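# An overview of the molecular structure
Chain residues, written in single-letter form:
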Amino acid sequence: SQLTAEQRLQIYSAAYHARLLECLGEEFTILRSVLGDEAFGELAVGYLRRHPSQTYTLNDLGRDL
């Protein structure tokens, strides 16, 4: 209740982005294992910047990875 609407929205946005990264890690477990968590995280962040989620479903999130 002490946060502004903008601050609450920023928290939601960060949590959503973290969930997308988590989903990619779960979908590409072998790639994550080969690259390591740090390198995979960097890859996933770059991927999401170039290919942001466009639908309500996460089924196609890693389609172009």
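Residues numbered from 1 in each chain as written. Predicted model: local features only at pLDDT ≥ 70, side-chain atom pairs only at ≥ 80, totals over all residues. Heavy atoms only, no water.

Attention now goes to the nonpolar core. One finds Leu-20, Cys-23, Leu-24, Phe-40, Ala-44, Tyr-47, Leu-48 and Leu-61 forming the largest nonpolar core, which totals 8 residues. Counting only elements with at least two residues in this core, the list comes to α1 (5-27) and α3 (37-50). Among all residues touching Leu-48, those that are not within four sequence positions of it are His-17, Leu-20, Leu-21, Leu-24 and Leu-61. (Core = buried A, V, L, I, M, F, W, Y, C linked by side-chain atoms within 4.5 Å. Buried < 20%, exposed > 50% of the residue type's maximum accessible area, 1.4 Å probe, protein only. Helix = DSSP H or I, 4+ residues; strand = E, 2+ residues; numbered from the N terminus. Contact = heavy atoms within 4.5 Å.)

At 3.6 residues per turn, the α-helix brings residues three or four places apart onto the same side. Taking 1.5 Å of rise per residue, the 23 residues of α1 would be expected to cover 33 Å, and the 33 Å separating its terminal C-alpha atoms lies within 8% of that figure. Contacts from the buried residues of α1 go to α2 (29-35) and α3. (Expected span 1.5 Å × (residues − 1).)

The next thing to look at is the layout of surface pockets. What the largest pocket holds in volume is close to 160 Å³. Taken together, Tyr-47, His-51, Pro-52, Ser-53, Gln-54, Thr-55, Thr-57, Asp-60, Leu-61, Arg-63 and Asp-64 make up the lining of the largest pocket. Its residues placed into classes, the lining of the largest pocket shows 3 nonpolar, 5 polar and 3 charged. (1 Å grid on protein atoms, 1.4 Å probe; cavity = no way out; pocket = protein on both sides within 12 Å on 5 of 7 lines; lining within 4 Å. Points joined across faces, edges and corners; volume = space filled by probe spheres on them. Nonpolar A, V, L, I, M, F, W, Y, C, P; charged D, E, K, R; others polar.)

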